[in-house]
Amino acid sequence: MTVIAFAAARRRVPLAAGACLLSFTAFWLAQRAADVSMIDLMVYRAEGETVRAGGDLYALRTTEAHLPTTYPPFAALLFTPLTLLDIPDMRALATLGNLLLLVVFVSLSLRFVGEARHARVENVLWVSALAVWCEPVWTTLRYGQVNLLLAVLVLGDLSRRPGHRWTGLGIGVAAAIKLTPALFAVFLLLTGGAEALRRGVWRPAVRHACVAAASFAGATLLAAAVLPYDSWRFWTRMVFDAGRVGLAEDTANQSLRGVLARLLHTPEPGARWAAAATACCALGLAVAVAAALRGERARAALCCAATALLVSPVSWSHHWVWCVPMVLLLGAEAARRGGRARWAATAAASLVFCSYALWWVPHGPGRLELGQNYGQMTLSALYVVTALGFLLVGVTRWRTSRTA
C-alpha cells in the first residue's frame, strides 16, 4: 500500500507543478499585457538611490505620481541593492521573487491551519496556482510590493513550534520595514501575560515578544546609525503623518478609516475613526488572545492580522494577502466539522477576495469616492466587512468556550 501511495504521489506532484507553472506563466503574461508599472518597486529603487547619494529620504518625490517615502529608514537600507540592477531585470526578478514567496506563504499557511498532510507539495502547488489570481496577491505583484515578504516573516515566526528561541525575530524585522506587523508583538506579549495569570508562570509568548522588540530595536538602531537625519525625521514627524501615505477615502484603502471616510463623505473621519479603531483593536486583540489560550494558534494569528489591517490608518487592498491563510482556515474548519454555514463562509470569503468588486465603484482622480452611494460603499467595504465577520465568529467561539 505504501508503494502504491508513493507512486500515486509521484504522479500527482508533476501534474500540480505543471498546473502551477501554467498559472504563473498566464499570470506573468497577463501582467505584461496590462503593462503594469510596478510603481511601488520604482519608489523602492528611488529610496535606495537616495540612500546611496546621501539625499533627504523624506523629501523624495518620485515616479509620475510623485510618490513619497512612507516606510521607516531601515526599509530604505534594504532597498539599496535594487539600484545595482537594470530596471527590466529588477522588475523580472521582483516578480519571480514574489511568486516564490507566494509558494512559501501558501506552504506555511497550509501547515499553520491544518495537519502536516495538508501541506503536501501537490496541495501547495495547486493552492498557489489559484491564490495568485486573488486581488490582494495580483495587486501586490502589480505594484512590486513587499507584502508577501512581510507575511512570510511573520507567519514563519508564528508557525514555529512553541518555545523556539528565535520566534519573534521575523516579526521584529517586518515591523522595522513596515510598522503594521508590530501588533503581532503586542499580541504575543498579551498572550504571555494572560497565560501567566492563568498558570502562575511566564510563558514563551512573552519571550517571543521580547525577541521581536529586540530585533525591531536592532534594525531601527542600525538604520539610525547609517541614516541619523532621516531616522530623526521619521520617528519624530513622519510616523504621525498618515496623510503622506494617501487619501483616506481611496477605494483601495480597506481599513476602518477608509470605510468611515467614504461612509461619512469626508476626507478625514477624525475622532470617529479613532474611537472605532480603539474599540476594534481592543476587541480584536482580546479575541486573538482568547483563541491562543484555547490552543487555536492559526485563528489567533489571523485575528491579530485582521485587527492590524482594520485599525491601520491606511490598509491598501494589496496588504490583505492575509486573505490566503484566512480562506484556507475557513476551508479547513469546514472540512473537519462540516456544515453548510462553514462552507458558505469559505465560499463567500473566497468570492470577496477574488471578485475585484472594490474596483467596480467610481474611483480615481477627482475624489470620486466621496460621492459613492450605499451600494457602492458596500462594495468598497467588502474586505473590512469580511474581516469584522471573521472577528465576530471568534467572539462567538470565545463565548461558547466560556459557557462550556
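Above: the structure in question.
Residues numbered from 1 in each chain as written. Predicted model: local features only at pLDDT ≥ 70, side-chain atom pairs only at ≥ 80, totals over all residues. Heavy atoms only, no water.

## Observations regarding the environment of Arg32
The residue Arg32 is located in helix α1 (residues 2-33) in this model. A relative accessible area of 36% means that Arg32 is categorised as partly exposed. The spatial distance from the C-alpha of Arg32 to the C-alpha of Ala308 is 32 Å, given a sequence separation of 276 residues. What Arg32 contacts, discounting residues up to four positions off in sequence, is Met38 and Thr95. (Helix = DSSP H or I, 4+ residues; strand = E, 2+ residues; numbered from the N terminus. Buried < 20%, exposed > 50% of the residue type's maximum accessible area, 1.4 Å probe, protein only. Contact = heavy atoms within 4.5 Å.)

## Some details on the packing of helix α13 (residues 271-293) against helix α14 (residues 297-311)
For the pair α13 and α14, interaxial distance at closest approach is 8 Å and the crossing angle is 170°. The angle between α13 and α14 falls in the class roughly antiparallel. In this structure, α13 uses Trp273, Ala277, Cys280, Cys281, Gly284, Leu285, Val287, Ala288, Ala291 and Ala292 to contact α14, whose residues at the interface are Arg299, Ala300, Cys303, Cys304, Thr307, Leu310 and Val311. Counted by class, the contact of α13 with α14 contains 14 nonpolar, 2 polar and 1 charged residues. (Axes fitted to C-alpha atoms, helices over the stretch in contact; angles between N-to-C directions. Parallel < 35°, antiparallel > 145°, perpendicular 65-115°, else oblique. Nonpolar A, V, L, I, M, F, W, Y, C, P; charged D, E, K, R; others polar.)

## Description of the side chain of Glu135
With respect to the element layout, Glu135 can be found in helix α6 (residues 135-143). Among the polar contacts listed, one links the side chain of Glu135 to the side chain of Tyr383, at a separation of 2.6 Å. In this structure, Glu135 is in contact with Ser317, Phe353, Cys354, Tyr356, Leu358, Trp359 and Tyr383, ignoring residues within four places of it in sequence. (Polar contact = N/O pair within 3.5 Å; in protein donor to acceptor, adjacent residues only side chain to side chain.)

## Points about the packing of helix α10 (residues 204-226) against helix α11 (residues 228-236)
For the pair α10 and α11, the least separation of the axes is 5 Å and the interaxial angle reads 125°. What the angle tells us is that α10 and α11 run oblique. Contacts between α10 and α11 involve Phe216, Thr220, Ala223, Ala224, Ala225 and Val226 from the former and Pro228, Ser231 and Trp235 from the latter. For the contact of α10 with α11, the per-class residue count stands at 7 nonpolar, 2 polar and no charged.

## Focus on the nonpolar core
With 109 residues, the main nonpolar core has Phe187, Trp322 and Val324 as its most contacted residues. When neighbours within four sequence positions are excluded, Val324 is seen to be in contact with Phe105, Val106, Ala131, Cys134 and Val137. (Core = buried A, V, L, I, M, F, W, Y, C linked by side-chain atoms within 4.5 Å.)

## What to know about a nonpolar patch on the surface
A contiguous nonpolar surface patch, about 280 Å² in accessible area, is contributed by Leu93, Leu96 and Leu100. Here Leu93 lies in helix α4 (residues 87-113). (Patch = residues over 30% accessible without salt bridge, like charges linked within 9 Å, V, L, I, M, F, W, Y side chains within 5 Å. Areas by Shrake-Rupley, 256 points an atom, 1.4 Å probe, with all protein chains shown as cover. Salt bridge = Lys/Arg side-chain N within 4 Å of Asp/Glu carboxyl O.)

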